[in-house]
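Understanding the architecture of this molecule
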Amino acid sequence: MKKSFLSQDTILMAPLYAKADINFIKGKGARLFDSKGKKYLDFASGLAVNALGHSHPAITKAIKKQSEKFLHLSNLYPNEPQIKLAQKMLSLTKFGKEKGKAFFCNSGTEANEAAIKFVRKYFFSKGESNRVEIITFVNSFHGRTYGALSATGQEKFKTGFGEMLSGFKLVEWNNAEELKKAVCKNTAAIMLEPIVAEGGILTPSKKFIKTINEIKKQNGCLVIADEIQAGLGRCGAISCSELFGINADITTWAKPLGGGLPLGMALISAKIAECLKPGDHGTTFGGNPVACAAGLAALEILSKPKFLANVRERSAQLRDGLEALAKKHKFLGEIRGEGLLLGIETQKPVADIIAACRKQGLLVLRAGANVLRFLPPLAATKSEVKEALGKLEACFSSYP
Ligand SMILES: Cc1ncc(COP(=O)(O)O)c(C=O)c1O
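Residues numbered from 1 in each chain as written. Predicted model: local features only at pLDDT ≥ 70, side-chain atom pairs only at ≥ 80, totals over all residues. Heavy atoms only, no water.

**Some details on the overall build of the chain**
Along its length, the chain carries 15 helices and 15 strands. In summary, the chain has a C-alpha radius of gyration of 21 Å against a globular reference of 21 Å for 400 residues, a match within 12%. Viewed in the frame of its principal axes, the chain has a C-alpha envelope of about 65 × 55 × 45 Å. By residue count, 54% of the 400 residues in the chain fall in the buried class. Counted over contacts in the chain with a minimum sequence separation of 6, partners at least 24 positions apart contribute 72%. When the accessible surface of the chain is totalled, it reaches about 18500 Å², and 57% of it is carbon and sulfur. Each charge class in the chain was averaged separately, 57 positive and 36 negative side chains, and the resulting centres sit 4 Å apart. (Helix = DSSP H or I, 4+ residues; strand = E, 2+ residues; numbered from the N terminus. Rg over C-alpha atoms; globule rule 2.2 N^0.38 Å. Buried < 20%, exposed > 50% of the residue type's maximum accessible area, 1.4 Å probe, protein only. Contact = heavy atoms within 4.5 Å. Areas by Shrake-Rupley, 256 points an atom, 1.4 Å probe, with all protein chains shown as cover. Lys, Arg positive; Asp, Glu negative; His and termini not counted. Charge placed at Lys NZ, Arg CZ, Asp CG, Glu CD.)

**Some details on the domain arrangement of the chain**
Looking at the assigned domains, one finds that the chain contains domain 1 (5-56 + 305-397) and domain 2 (59-302). Relative to domain 2, the C-alpha centre of domain 1 lies at a distance of 26 Å. Contact residues are listed per partner, giving 29 residues for domain 1 and 28 residues for domain 2. Surface buried jointly by domain 1 and domain 2 totals about 2300 Å² across both partners, of which 62% is contributed by carbon and sulfur atoms. Summed over the three residues of domain 1 that lose the most area to domain 2, namely His 56, Glu 338 and Leu 341, the buried surface amounts to 24% of that side. The interface formed by domain 1 and domain 2 holds 1 salt bridge in total. Among the salt bridges present, the one from Arg 366 reaches Glu 198, with a minimum N-O distance of 3.0 Å. Of all the secondary structure elements, the ones that give two or more residues to the side of domain 1 that touches domain 2 are helix H2 (45-48), helix H13 (305-328), strand S11 (332-338), strand S12 (341-346), strand S14 (365-367) and strand S15 (371-374). Per element, the largest residue contribution to the side of domain 1 that touches domain 2 is 4 residues, and it comes from H13. For the side of domain 1 that touches domain 2, the per-class residue count stands at 16 nonpolar, 8 polar and 5 charged. (Domains from an automatic or database assignment. Buried area = accessible area lost by both parts, 1.4 Å probe. Salt bridge = Lys/Arg side-chain N within 4 Å of Asp/Glu carboxyl O. Nonpolar A, V, L, I, M, F, W, Y, C, P; charged D, E, K, R; others polar.)

**A closer look at the site of the ligand**
The environment of the ligand is made up of Ser 107, Gly 108, Thr 109, Asn 112, Phe 141, His 142, Gly 143, Glu 193, Asp 226, Ile 228, Gln 229 and Lys 255. Separating an oxygen atom of the ligand from a side-chain N or O atom of Lys 255 is a distance of 2.9 Å. Within the complex, the protein chains bury 81% of what would otherwise be the 390 Å² of accessible surface of the ligand. The dominant element in the shell around the ligand, judged by the number of residues it contributes, is helix H6 (residues 108-125), at 3 residues. (Near = heavy atom within 4 Å. Polar contact = N/O pair within 3.5 Å; in protein donor to acceptor, adjacent residues only side chain to side chain.)

**A short note on the nonpolar core**
Grouped together as the largest cluster of nonpolar side chains are 57 residues, with contacts concentrated most on Leu 85, Met 89, Leu 322, Leu 372, Leu 392 and Phe 396. Inspection of this core shows a minimum of three residues originating in each of domain 1 (5-56 + 305-397) and domain 2 (59-302). With sequence-adjacent residues up to four places away left out, Leu 322 is seen in contact with Ile 335, Ile 344, Phe 374, Leu 389 and Leu 392. Residues Leu 202, Phe 208, Ile 215 and Ala 237 belong to the second largest nonpolar core, which totals 35 residues. (Core = buried A, V, L, I, M, F, W, Y, C linked by side-chain atoms within 4.5 Å.)

**Let's talk about the sheet that holds strand S4 (residues 101-105)**
Strand order across the open sheet formed by 7 strands is S4-S10-S9-S8-S7-S5-S6, with mixed pairing between neighbours. Bordering the open sheet on either side are S4 and strand S6 (168-171), each of which pairs with just one other strand. When the angles between neighbouring strand axes are averaged without regard to direction, this sheet yields 20 degrees. As paired strands, strand S5 (residues 133-137) and S6 are joined by 4 bridges and run parallel to one another. Within S6, the position partnered with Ile 135 by the bridge is Lys 169. (Pairing = 2+ DSSP bridges. Axes fitted to C-alpha atoms, helices over the stretch in contact; angles between N-to-C directions.)

Set out below in structure tokens:
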């Protein structure tokens, strides 16, 4: 008997992912096609990476053009794609007006690693070397390397990996009083996802945001906003922290930043940049010119007001459709999120629903323990959202 495609993968790869047995051979826009000729509507977007869908011609063209010039230079020399992407990101965020600066790396976890180091270096250079503590939140996810993992507020990711980095304090999400109590003279930063994504799609309350901004003012600590999943158009705006009025000193970016290629970034305020010098931090591949060129091509499109307006319209359409489904199917609960980072609570096992959706030709994700997460391409059309809702209805109706 012919072995499944997955079984080859299982023999060769470290068993770190629960993969579905599908051999995708092509993607176009919001669609993926497998080797058996089955067509899928991709509402997972490669974990929020493919903001413009698969193989967008503007991105593939930019990759081809840059790859014919040079693939890699190292950070020993400036290069045009990095400069252009940094300019674009700064101009699209408050960091441009504040004369902030950019640091490029390869992934989300590395961007957060950099943010943690920059915060500590900032206070060290101010003669406040005791200020090393970083407050983070229960259910947050910041990445898999030790700094970002130490910041992450979910025990399951840390178990078995020994001691975490010291100096991290966990506080309950949206608990302004607990946050106030946790702050002390050694607090260097409050680090948060503007929307807790992986941990259950939890938005911040107005009171919580106000408290964070007040603490920053009174205590002098910094604020790190991890925009890796919620930013770059996903929430209907370029910066989710700015959308919610969070006054961040550092924002971290990745996922769609490289247009589908690996790329991460931290935007830092001028006062933090002033405390850094050559050699303090670095990376061989960070800010790869091809990834930057691809990212710039994506950003030129996704930063257009009309494009962001479509994200908000599709969000309203998807939310309305989910609300109608929740009224009909009693095992469905609260709908949460912003823009095209939406989730719906379910009392049925999420893994089963994801598998049932796959059968219907719809790719979706999990968030937290009991939330079905939708990350459609930001370029999704009205008819694609309608089609996804139809597939969800077919899937939910198969449940008793
Ligand atoms: C909010 C957030 N931060 C950090 C990360 C880590 O990013 P990466 O997987 O690129 O290291 C993720 C990944 O899902 C994320 O959602």
